[in-house]
Amino acid sequence: SSPAYVEVSAIPSATVTVKQSGQEIGSARWGEVQEEGVVETEQVRFELVDPGRNWVHVTVVDDDTDEPVPCRVHFRSPDGIPYQPHGHHNQVHSDLGTWYNDVGGDLRLGQATYAYIDGTCQGWLPRGDVIVDAARGFEYEPLRAMVRVEPGQQELKLRLKRWTNMNARGWFSGDSHVHWLSTQGSHTEARAEDLNIVNLLQSQWGNYFSNTEDFTGEPNVSKDGQTIIYVGQENRQHLMGHILLWGLKKPVMPWCSDGLGEAEIGGTLEATLSDWADMTHEQGGTAIAAHYGGLTGEAVALITTGRVKGVEMINHTQTTHRDYYQALNCGYRLPLVGGTDKMSSDVAVGSYRTYAHIPDDQEFNYDNWCAAVVAGRTFLSGGPMVQFSVDGQPIGSTVRISGPGTVEVHASVESIFPLHRLEIVQAGKVVASVQSDKGERKLEIREKLQVDRHTWLAARCGGSGYLAPEGFPGWG
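Remember, predicted model here, so these are calculated numbers, not experimental data.

Oppositely charged side chains may form a pair once their charged atoms are brought near each other. Under the criterion given, the structure shown has 23 salt bridges. Put simply, E423 and R421 hold a salt bridge, and the shortest N to O gap is 2.4 Å. A salt bridge links E423 to R460, with the shortest nitrogen-to-oxygen separation between them at 2.7 Å. Of this pair, E423 sits in strand β27 (residues 405-426) while R460 sits in strand β29 (residues 457-462), and the two are 37 residues apart along the sequence. As far as burial versus exposure is concerned, E423 and R460 are alike and both buried.

Structure (C-alpha coordinates):
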(Lines give C-alpha, C1' and ligand atoms only; values in the text may rest on other atoms or scores of the structure.)
Protein backbone atom coordinates (compact mmCIF):
# COMPACT_ATOMS: atom_id res chain seq x y z
CA SER A 1 0.00 0.00 0.00
CA SER A 2 1.11 3.54 -0.59
CA PRO A 3 1.31 5.52 1.53
CA ALA A 4 2.02 3.24 4.50
CA TYR A 5 3.25 4.01 7.99
CA VAL A 6 5.75 2.22 10.19
CA GLU A 7 6.94 2.70 13.76
CA VAL A 8 10.71 3.12 13.98
CA SER A 9 12.99 3.04 17.01
CA ALA A 10 16.63 3.54 15.97
CA ILE A 11 19.85 5.45 16.53
CA PRO A 12 20.56 8.35 14.13
CA SER A 13 23.15 6.40 12.10
CA ALA A 14 20.70 3.60 11.28
CA THR A 15 19.42 3.15 7.74
CA VAL A 16 15.75 2.71 6.88
CA THR A 17 15.32 0.60 3.74
CA VAL A 18 12.15 -0.03 1.70
CA LYS A 19 11.87 -3.13 -0.46
CA GLN A 20 9.21 -4.23 -2.90
CA SER A 21 9.03 -7.88 -3.98
CA GLY A 22 12.45 -8.34 -2.41
CA GLN A 23 14.06 -5.51 -4.37
CA GLU A 24 15.32 -2.38 -2.65
CA ILE A 25 13.57 0.74 -3.98
CA GLY A 26 14.88 3.36 -1.55
CA SER A 27 16.71 4.04 1.71
CA ALA A 28 17.45 6.93 4.04
CA ARG A 29 19.54 7.62 7.14
CA TRP A 30 17.24 7.75 10.15
CA GLY A 31 19.04 10.75 11.65
CA GLU A 32 18.43 12.74 8.45
CA VAL A 33 14.72 11.89 8.51
CA GLN A 34 14.54 13.12 12.11
CA GLU A 35 16.39 16.34 11.31
CA GLU A 36 14.77 17.25 7.98
CA GLY A 37 11.28 15.80 8.48
CA VAL A 38 11.15 14.72 4.82
CA VAL A 39 13.73 12.81 2.73
CA GLU A 40 12.98 11.93 -0.88
CA THR A 41 14.69 9.43 -3.17
CA GLU A 42 13.86 8.59 -6.77
CA GLN A 43 11.08 6.16 -5.79
CA VAL A 44 10.39 6.70 -2.08
CA ARG A 45 9.40 9.65 0.09
CA PHE A 46 10.19 9.31 3.81
CA GLU A 47 8.18 11.68 6.00
CA LEU A 48 8.25 11.98 9.79
CA VAL A 49 4.58 12.28 10.80
CA ASP A 50 4.86 11.98 14.60
CA PRO A 51 4.54 15.53 16.04
CA GLY A 52 5.17 14.30 19.58
CA ARG A 53 2.68 12.68 21.95
CA ASN A 54 0.93 13.37 25.25
CA TRP A 55 -0.33 10.81 27.74
CA VAL A 56 -4.00 11.85 27.89
CA HIS A 57 -6.80 10.80 30.25
CA VAL A 58 -10.05 10.69 28.22
CA THR A 59 -13.55 10.83 29.68
CA VAL A 60 -16.70 10.29 27.61
CA VAL A 61 -19.82 11.56 29.36
CA ASP A 62 -23.56 11.40 28.78
CA ASP A 63 -24.53 14.87 27.65
CA ASP A 64 -27.63 14.90 29.88
CA THR A 65 -26.14 13.52 33.11
CA ASP A 66 -22.50 14.59 32.70
CA GLU A 67 -21.55 11.13 34.03
CA PRO A 68 -19.07 8.79 32.31
CA VAL A 69 -20.88 6.49 29.86
CA PRO A 70 -19.62 3.14 28.50
CA CYS A 71 -19.02 3.30 24.75
CA ARG A 72 -16.56 2.43 22.00
CA VAL A 73 -13.89 4.89 20.85
CA HIS A 74 -11.39 5.27 18.03
CA PHE A 75 -8.63 7.88 17.76
CA ARG A 76 -6.46 8.59 14.73
CA SER A 77 -4.26 11.33 13.32
CA PRO A 78 -5.26 13.19 10.13
CA ASP A 79 -2.73 10.91 8.39
CA GLY A 80 -4.86 7.92 9.38
CA ILE A 81 -2.53 6.54 12.05
CA PRO A 82 -4.51 5.03 14.98
CA TYR A 83 -3.72 5.91 18.61
CA GLN A 84 -5.93 3.56 20.63
CA PRO A 85 -6.19 3.62 24.43
CA HIS A 86 -3.46 1.81 26.34
CA GLY A 87 -4.23 -1.90 26.60
CA HIS A 88 -6.11 -1.98 23.29
CA HIS A 89 -4.96 -2.88 19.78
CA ASN A 90 -4.31 -0.22 17.15
CA GLN A 91 -5.38 -2.81 14.58
CA VAL A 92 -7.44 -5.95 15.05
CA HIS A 93 -6.47 -8.48 12.43
CA SER A 94 -9.91 -9.99 11.92
CA ASP A 95 -9.36 -9.81 8.15
CA LEU A 96 -6.49 -12.28 8.34
CA GLY A 97 -8.50 -15.43 9.02
CA THR A 98 -8.15 -15.37 12.81
CA TRP A 99 -11.91 -15.94 13.27
CA TYR A 100 -12.34 -16.51 17.02
CA ASN A 101 -9.04 -14.90 17.99
CA ASP A 102 -8.79 -11.19 18.80
CA VAL A 103 -12.32 -11.25 20.21
CA GLY A 104 -13.07 -9.15 23.27
CA GLY A 105 -12.37 -5.56 24.19
CA ASP A 106 -11.83 -4.42 20.60
CA LEU A 107 -13.98 -4.11 17.50
CA ARG A 108 -12.98 -3.68 13.87
CA LEU A 109 -15.38 -1.99 11.47
CA GLY A 110 -13.86 -1.70 8.02
CA GLN A 111 -10.33 -0.41 8.60
CA ALA A 112 -11.09 1.27 11.94
CA THR A 113 -10.45 -0.47 15.27
CA TYR A 114 -12.55 0.60 18.27
CA ALA A 115 -11.82 0.09 21.95
CA TYR A 116 -14.61 -0.71 24.39
CA ILE A 117 -14.29 1.47 27.48
CA ASP A 118 -16.30 2.14 30.65
CA GLY A 119 -16.40 5.86 29.86
CA THR A 120 -12.76 6.47 30.75
CA CYS A 121 -9.46 5.52 29.14
CA GLN A 122 -5.89 6.76 28.87
CA GLY A 123 -2.97 6.49 26.51
CA TRP A 124 -0.80 8.33 24.01
CA LEU A 125 -2.42 10.86 21.66
CA PRO A 126 -0.51 12.90 19.08
CA ARG A 127 -0.14 16.62 19.58
CA GLY A 128 -2.19 18.69 17.19
CA ASP A 129 -5.36 17.58 15.43
CA VAL A 130 -6.89 14.23 16.39
CA ILE A 131 -9.93 12.60 14.77
CA VAL A 132 -12.28 11.02 17.30
CA ASP A 133 -15.02 8.45 16.66
CA ALA A 134 -17.24 7.48 19.59
CA ALA A 135 -20.50 5.56 19.56
CA ARG A 136 -22.94 3.79 21.89
CA GLY A 137 -25.57 1.64 20.22
CA PHE A 138 -28.47 3.14 18.29
CA GLU A 139 -30.06 5.42 20.89
CA TYR A 140 -27.13 7.86 21.06
CA GLU A 141 -25.96 10.21 18.35
CA PRO A 142 -22.56 8.93 17.17
CA LEU A 143 -19.70 11.38 17.54
CA ARG A 144 -17.11 12.10 14.87
CA ALA A 145 -15.07 15.21 15.60
CA MET A 146 -11.70 16.84 15.15
CA VAL A 147 -10.19 17.78 18.49
CA ARG A 148 -6.87 19.45 19.23
CA VAL A 149 -4.34 18.17 21.73
CA GLU A 150 -2.08 20.98 22.89
CA PRO A 151 1.47 20.48 24.23
CA GLY A 152 1.21 19.51 27.89
CA GLN A 153 -2.53 18.69 27.72
CA GLN A 154 -3.40 15.63 29.81
CA GLU A 155 -7.22 15.68 29.92
CA LEU A 156 -9.83 15.33 27.16
CA LYS A 157 -13.60 15.29 27.68
CA LEU A 158 -16.04 14.09 25.03
CA ARG A 159 -19.84 14.11 25.07
CA LEU A 160 -22.41 11.65 23.69
CA LYS A 161 -26.03 12.72 23.35
CA ARG A 162 -28.94 10.31 23.84
CA TRP A 163 -31.71 11.07 21.32
CA THR A 164 -34.21 8.45 22.53
CA ASN A 165 -34.63 6.23 25.58
CA MET A 166 -36.35 2.97 24.72
CA ASN A 167 -36.01 1.56 28.25
CA ALA A 168 -38.08 4.44 29.57
CA ARG A 169 -40.83 3.37 27.15
CA GLY A 170 -40.68 -0.27 28.26
CA TRP A 171 -38.57 -1.58 25.36
CA PHE A 172 -35.47 -3.60 26.26
CA SER A 173 -32.91 -4.74 23.69
CA GLY A 174 -31.18 -8.09 23.40
CA ASP A 175 -28.84 -9.98 21.10
CA SER A 176 -30.28 -13.43 20.47
CA HIS A 177 -27.04 -15.08 19.43
CA VAL A 178 -23.44 -14.44 20.56
CA HIS A 179 -20.37 -16.72 20.63
CA TRP A 180 -16.81 -16.66 22.02
CA LEU A 181 -17.08 -13.72 24.42
CA SER A 182 -16.65 -14.35 28.15
CA THR A 183 -19.43 -13.47 30.57
CA GLN A 184 -17.59 -10.38 31.80
CA GLY A 185 -16.59 -9.45 28.26
CA SER A 186 -20.25 -9.67 27.27
CA HIS A 187 -21.15 -7.25 30.07
CA THR A 188 -18.44 -4.81 29.01
CA GLU A 189 -19.38 -4.81 25.34
CA ALA A 190 -23.14 -4.85 25.94
CA ARG A 191 -22.94 -1.79 28.21
CA ALA A 192 -20.81 0.01 25.64
CA GLU A 193 -23.39 -0.81 22.94
CA ASP A 194 -26.36 0.16 25.17
CA LEU A 195 -27.66 -3.42 25.02
CA ASN A 196 -29.70 -4.98 27.84
CA ILE A 197 -29.54 -8.73 27.12
CA VAL A 198 -26.85 -10.98 25.69
CA ASN A 199 -27.63 -14.61 24.95
CA LEU A 200 -24.09 -16.03 25.10
CA LEU A 201 -24.31 -19.46 23.48
CA GLN A 202 -22.16 -22.51 23.99
CA SER A 203 -21.61 -24.65 20.91
CA GLN A 204 -19.29 -27.13 19.23
CA TRP A 205 -17.16 -27.17 16.08
CA GLY A 206 -15.79 -30.67 15.73
CA ASN A 207 -13.62 -31.19 18.79
CA TYR A 208 -13.68 -27.50 19.74
CA PHE A 209 -16.18 -26.52 22.44
CA SER A 210 -16.87 -22.87 23.26
CA ASN A 211 -17.67 -21.19 26.59
CA THR A 212 -17.69 -24.49 28.49
CA GLU A 213 -16.73 -22.79 31.76
CA ASP A 214 -19.34 -20.02 31.50
CA PHE A 215 -22.53 -22.04 32.01
CA THR A 216 -24.30 -21.50 35.36
CA GLY A 217 -27.97 -22.16 34.60
CA GLU A 218 -28.99 -18.69 35.77
CA PRO A 219 -28.73 -15.08 34.62
CA ASN A 220 -25.65 -13.03 35.37
CA VAL A 221 -26.93 -9.54 36.23
CA SER A 222 -24.93 -6.30 36.43
CA LYS A 223 -24.94 -4.31 39.68
CA ASP A 224 -27.37 -1.75 38.29
CA GLY A 225 -29.64 -4.47 36.89
CA GLN A 226 -29.55 -3.01 33.38
CA THR A 227 -27.42 -5.67 31.70
CA ILE A 228 -28.09 -9.41 31.81
CA ILE A 229 -25.94 -12.18 30.37
CA TYR A 230 -27.47 -15.64 30.10
CA VAL A 231 -25.37 -18.54 28.86
CA GLY A 232 -27.44 -20.90 26.74
CA GLN A 233 -26.68 -23.09 23.76
CA GLU A 234 -26.79 -23.19 19.98
CA ASN A 235 -27.34 -26.86 19.15
CA ARG A 236 -26.48 -27.68 15.55
CA GLN A 237 -26.98 -30.39 12.96
CA HIS A 238 -25.56 -29.70 9.52
CA LEU A 239 -28.53 -30.88 7.44
CA MET A 240 -31.58 -30.37 9.67
CA GLY A 241 -30.55 -26.95 10.96
CA HIS A 242 -29.56 -25.05 14.09
CA ILE A 243 -31.60 -24.10 17.16
CA LEU A 244 -31.10 -21.52 19.93
CA LEU A 245 -31.80 -22.70 23.48
CA TRP A 246 -32.39 -19.82 25.92
CA GLY A 247 -32.83 -19.91 29.67
CA LEU A 248 -31.42 -23.38 30.27
CA LYS A 249 -31.13 -24.57 33.88
CA LYS A 250 -29.07 -27.60 32.88
CA PRO A 251 -27.23 -28.57 29.68
CA VAL A 252 -29.05 -30.13 26.73
CA MET A 253 -26.71 -32.79 25.35
CA PRO A 254 -25.19 -33.41 22.89
CA TRP A 255 -24.52 -29.85 21.82
CA CYS A 256 -24.17 -30.86 18.18
CA SER A 257 -24.79 -34.00 16.16
CA ASP A 258 -23.93 -35.79 12.92
CA GLY A 259 -20.36 -34.82 12.18
CA LEU A 260 -19.00 -32.52 9.49
CA GLY A 261 -18.47 -29.00 10.86
CA GLU A 262 -20.83 -29.46 13.77
CA ALA A 263 -19.89 -32.56 15.78
CA GLU A 264 -16.90 -34.90 15.85
CA ILE A 265 -15.55 -36.37 12.63
CA GLY A 266 -17.54 -39.48 11.75
CA GLY A 267 -20.30 -38.61 14.21
CA THR A 268 -23.77 -40.08 13.81
CA LEU A 269 -27.23 -38.52 14.13
CA GLU A 270 -27.76 -38.86 17.88
CA ALA A 271 -30.51 -36.25 18.39
CA THR A 272 -32.92 -34.11 16.42
CA LEU A 273 -33.77 -30.45 16.86
CA SER A 274 -37.17 -31.53 18.14
CA ASP A 275 -35.48 -33.56 20.90
CA TRP A 276 -33.46 -30.54 21.94
CA ALA A 277 -36.51 -28.25 21.88
CA ASP A 278 -38.51 -30.68 24.05
CA MET A 279 -35.70 -30.91 26.63
CA THR A 280 -35.49 -27.12 26.69
CA HIS A 281 -39.24 -26.68 27.27
CA GLU A 282 -39.20 -29.28 30.07
CA GLN A 283 -36.91 -27.02 32.09
CA GLY A 284 -38.80 -23.81 31.30
CA GLY A 285 -36.47 -22.55 28.57
CA THR A 286 -37.21 -21.04 25.17
CA ALA A 287 -36.33 -22.56 21.79
CA ILE A 288 -35.80 -20.25 18.80
CA ALA A 289 -35.08 -21.20 15.18
CA ALA A 290 -31.54 -19.96 14.50
CA HIS A 291 -30.64 -17.66 11.57
CA TYR A 292 -33.82 -18.58 9.73
CA GLY A 293 -33.12 -19.63 6.15
CA GLY A 294 -36.64 -20.49 5.06
CA LEU A 295 -38.94 -23.49 5.30
CA THR A 296 -36.18 -26.08 4.97
CA GLY A 297 -34.75 -28.85 7.11
CA GLU A 298 -36.44 -29.45 10.45
CA ALA A 299 -37.72 -25.86 10.63
CA VAL A 300 -41.05 -26.98 9.14
CA ALA A 301 -41.62 -29.57 11.88
CA LEU A 302 -40.47 -27.19 14.61
CA ILE A 303 -42.91 -24.49 13.47
CA THR A 304 -45.94 -26.71 12.87
CA THR A 305 -45.56 -28.51 16.21
CA GLY A 306 -45.01 -25.29 18.15
CA ARG A 307 -41.55 -26.36 19.29
CA VAL A 308 -39.95 -23.02 18.41
CA LYS A 309 -41.37 -19.83 19.92
CA GLY A 310 -39.83 -17.49 17.36
CA VAL A 311 -37.47 -17.26 14.42
CA GLU A 312 -34.18 -15.39 14.30
CA MET A 313 -33.82 -13.55 11.01
CA ILE A 314 -30.27 -12.44 10.21
CA ASN A 315 -30.19 -13.35 6.51
CA HIS A 316 -32.67 -11.07 4.73
CA THR A 317 -33.51 -12.37 1.26
CA GLN A 318 -36.65 -12.73 -0.80
CA THR A 319 -36.72 -16.41 0.18
CA THR A 320 -36.53 -15.86 3.94
CA HIS A 321 -39.19 -13.15 3.84
CA ARG A 322 -41.47 -15.16 1.55
CA ASP A 323 -41.21 -18.34 3.64
CA TYR A 324 -41.71 -16.43 6.88
CA TYR A 325 -44.82 -14.77 5.47
CA GLN A 326 -46.11 -18.15 4.29
CA ALA A 327 -45.84 -19.50 7.83
CA LEU A 328 -47.77 -16.50 9.15
CA ASN A 329 -50.39 -16.97 6.43
CA CYS A 330 -50.90 -20.52 7.70
CA GLY A 331 -51.87 -19.11 11.09
CA TYR A 332 -48.64 -19.70 13.02
CA ARG A 333 -47.69 -16.88 15.40
CA LEU A 334 -43.95 -16.58 14.95
CA PRO A 335 -42.29 -13.58 16.57
CA LEU A 336 -39.15 -12.33 14.85
CA VAL A 337 -35.95 -11.90 16.82
CA GLY A 338 -32.69 -10.26 15.81
CA GLY A 339 -29.13 -11.18 16.69
CA THR A 340 -25.62 -11.13 15.33
CA ASP A 341 -24.27 -14.71 15.48
CA LYS A 342 -21.12 -12.87 16.60
CA MET A 343 -18.00 -14.99 16.18
CA SER A 344 -15.33 -12.41 15.42
CA SER A 345 -14.17 -8.94 16.33
CA ASP A 346 -15.58 -7.41 13.15
CA VAL A 347 -19.15 -7.79 14.44
CA ALA A 348 -20.40 -5.54 17.23
CA VAL A 349 -22.54 -7.28 19.83
CA GLY A 350 -26.09 -6.03 19.34
CA SER A 351 -25.44 -4.57 15.88
CA TYR A 352 -28.60 -6.49 15.03
CA ARG A 353 -30.88 -6.75 18.05
CA THR A 354 -34.32 -7.62 19.38
CA TYR A 355 -36.38 -4.99 21.18
CA ALA A 356 -39.00 -6.60 23.43
CA HIS A 357 -41.69 -4.68 25.32
CA ILE A 358 -42.18 -5.42 29.03
CA PRO A 359 -45.42 -4.01 30.52
CA ASP A 360 -45.21 -1.29 33.15
CA ASP A 361 -46.44 -3.64 35.91
CA GLN A 362 -43.53 -6.08 35.32
CA GLU A 363 -39.89 -5.62 36.21
CA PHE A 364 -37.10 -5.97 33.71
CA ASN A 365 -35.54 -9.38 34.10
CA TYR A 366 -34.51 -12.22 31.82
CA ASP A 367 -37.67 -14.32 32.24
CA ASN A 368 -39.94 -11.36 31.52
CA TRP A 369 -37.88 -10.41 28.48
CA CYS A 370 -38.15 -13.95 27.07
CA ALA A 371 -41.89 -13.97 27.79
CA ALA A 372 -42.25 -10.68 25.89
CA VAL A 373 -40.44 -12.23 22.91
CA VAL A 374 -42.70 -15.30 22.95
CA ALA A 375 -45.77 -13.02 23.17
CA GLY A 376 -44.65 -11.25 19.99
CA ARG A 377 -44.11 -7.84 21.55
CA THR A 378 -40.94 -7.39 19.52
CA PHE A 379 -39.26 -5.64 16.67
CA LEU A 380 -35.81 -6.40 15.34
CA SER A 381 -33.46 -3.63 14.36
CA GLY A 382 -30.10 -2.74 12.91
CA GLY A 383 -30.63 0.88 13.92
CA PRO A 384 -34.24 2.07 13.40
CA MET A 385 -36.63 2.55 16.32
CA VAL A 386 -40.06 1.30 15.28
CA GLN A 387 -43.54 2.25 16.48
CA PHE A 388 -46.51 0.36 15.05
CA SER A 389 -50.17 0.14 16.01
CA VAL A 390 -53.45 -1.12 14.52
CA ASP A 391 -56.61 0.59 15.82
CA GLY A 392 -54.45 1.87 18.66
CA GLN A 393 -53.28 -1.60 19.69
CA PRO A 394 -49.49 -2.03 20.02
CA ILE A 395 -47.08 -4.55 18.52
CA GLY A 396 -47.96 -8.15 19.36
CA SER A 397 -51.67 -7.48 19.89
CA THR A 398 -54.67 -9.22 18.33
CA VAL A 399 -57.33 -6.82 17.01
CA ARG A 400 -60.85 -8.23 16.71
CA ILE A 401 -63.47 -6.72 14.42
CA SER A 402 -67.06 -7.91 13.97
CA GLY A 403 -66.82 -8.39 10.20
CA PRO A 404 -65.18 -7.03 7.04
CA GLY A 405 -64.18 -3.40 7.47
CA THR A 406 -61.26 -1.04 7.89
CA VAL A 407 -58.58 -0.66 10.51
CA GLU A 408 -56.42 2.38 11.17
CA VAL A 409 -52.72 1.69 10.92
CA HIS A 410 -49.97 3.94 12.24
CA ALA A 411 -46.28 3.20 11.70
CA SER A 412 -43.30 5.44 12.34
CA VAL A 413 -39.60 4.78 12.32
CA GLU A 414 -36.66 6.93 13.37
CA SER A 415 -32.93 6.21 13.16
CA ILE A 416 -29.41 7.58 13.36
CA PHE A 417 -28.97 6.06 9.87
CA PRO A 418 -30.69 7.39 6.72
CA LEU A 419 -34.07 5.75 6.08
CA HIS A 420 -35.28 5.38 2.51
CA ARG A 421 -38.40 3.28 2.77
CA LEU A 422 -41.13 2.30 5.24
CA GLU A 423 -43.74 -0.30 4.29
CA ILE A 424 -46.85 -1.89 5.74
CA VAL A 425 -47.17 -5.58 4.90
CA GLN A 426 -50.52 -7.41 5.04
CA ALA A 427 -50.60 -11.19 4.53
CA GLY A 428 -47.23 -10.97 2.74
CA LYS A 429 -48.08 -8.10 0.38
CA VAL A 430 -47.09 -4.43 0.63
CA VAL A 431 -50.31 -2.42 1.10
CA ALA A 432 -48.87 0.99 2.03
CA SER A 433 -45.46 2.61 1.75
CA VAL A 434 -43.54 5.86 1.91
CA GLN A 435 -40.08 6.47 0.54
CA SER A 436 -37.34 9.08 0.38
CA ASP A 437 -34.66 9.14 -2.30
CA LYS A 438 -32.27 11.22 -0.21
CA GLY A 439 -32.84 9.40 3.09
CA GLU A 440 -34.53 10.76 6.19
CA ARG A 441 -34.10 10.49 9.93
CA LYS A 442 -37.82 9.72 10.32
CA LEU A 443 -40.57 8.21 8.16
CA GLU A 444 -44.26 7.77 9.02
CA ILE A 445 -47.41 6.16 7.62
CA ARG A 446 -51.05 6.63 8.63
CA GLU A 447 -53.52 4.59 6.59
CA LYS A 448 -56.95 3.01 6.77
CA LEU A 449 -56.71 -0.53 5.42
CA GLN A 450 -59.45 -2.90 4.32
CA VAL A 451 -59.67 -6.20 6.21
CA ASP A 452 -61.98 -8.89 4.80
CA ARG A 453 -60.75 -11.99 6.65
CA HIS A 454 -58.31 -13.21 9.29
CA THR A 455 -54.96 -11.62 8.51
CA TRP A 456 -51.80 -10.13 9.96
CA LEU A 457 -50.06 -6.79 9.61
CA ALA A 458 -46.43 -5.80 10.02
CA ALA A 459 -44.14 -2.82 9.41
CA ARG A 460 -40.70 -3.00 7.84
CA CYS A 461 -38.14 -0.38 6.83
CA GLY A 462 -34.74 -0.14 5.25
CA GLY A 463 -32.01 1.90 3.66
CA SER A 464 -31.24 2.65 0.03
CA GLY A 465 -32.22 -0.29 -2.19
CA TYR A 466 -32.93 -2.56 0.77
CA LEU A 467 -36.60 -3.12 -0.04
CA ALA A 468 -36.34 -2.56 -3.77
CA PRO A 469 -38.73 -4.63 -5.93
CA GLU A 470 -35.87 -6.38 -7.73
CA GLY A 471 -34.80 -8.11 -4.53
CA PHE A 472 -33.24 -7.93 -1.13
CA PRO A 473 -29.53 -7.83 -0.42
CA GLY A 474 -27.95 -11.00 0.92
CA TRP A 475 -27.33 -9.85 4.47
CA GLY A 476 -29.14 -7.30 6.65
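Our next topic: the pairing of strand β13 (residues 155-162). What you see with β13 is a clean split: L156, L158, L160 and R162 sit on the buried side and E155, K157, R159 and K161 on the side with no burial. Here strand β5 (residues 53-62) runs beside β13; their pairing, made up of six bridges, is parallel. Considered in β13, the bridge of H57 is made with E155. Both strand β11 (residues 140-141) and β13 contribute to a ladder of two bridges, which runs antiparallel. The residue bridging Y140 from the neighbouring strand is R162, located in β13.

This part covers the sheet that holds strand β9 (residues 120-126). Within the open sheet, the four strands sit side by side as β9-β5-β13-β11. Their pairing is mixed. Looking at strand neighbours, the two that pair on one side only are β9 and β11, the edges of this open sheet.

Averaged over the protein, the pLDDT score is 94; the fraction of residues at 70 or greater is 95%. In the model, residues 470-476 has pLDDT below 50 throughout and makes 21 contacts with residues more than four positions away in sequence or in other chains.

Right, let's talk about the nonpolar core for a bit. Across soluble globular proteins, nonpolar side chains have a tendency to be buried as a group. Core analysis: the largest hydrophobic core is formed by 33 residues, its most contacted members being V198, L200, I243, L245, W276, Y324 and L334. Among the elements of the structure, β15 (197-205), β18 (228-237), β19 (241-246), α3 (273-282), β21 (286-289), α4 (299-304) and α5 (318-329) are those that each provide at least two residues to this core. If you tally residues by element for this core, the top one is α5, at four residues. Once you skip the residues sitting within four places of it in the chain, L245 turns out to touch L201, G232, Q233, N235, V252, W276, T280, T286 and A287. Listed in part, the 24 residues of the second largest apolar core include L422, L443, I445 and C461.

Conventions used here
- Residues numbered from 1 in each chain as written.
- Predicted model: local features only at pLDDT ≥ 70, side-chain atom pairs only at ≥ 80, totals over all residues.
- Heavy atoms only, no water.
- Salt bridge = Lys/Arg side-chain N within 4 Å of Asp/Glu carboxyl O.
- Helix = DSSP H or I, 4+ residues; strand = E, 2+ residues; numbered from the N terminus.
- Buried < 20%, exposed > 50% of the residue type's maximum accessible area, 1.4 Å probe, protein only.
- Pairing = 2+ DSSP bridges.
- pLDDT = per-residue confidence, 0-100.
- Contact = heavy atoms within 4.5 Å.
- Core = buried A, V, L, I, M, F, W, Y, C linked by side-chain atoms within 4.5 Å.

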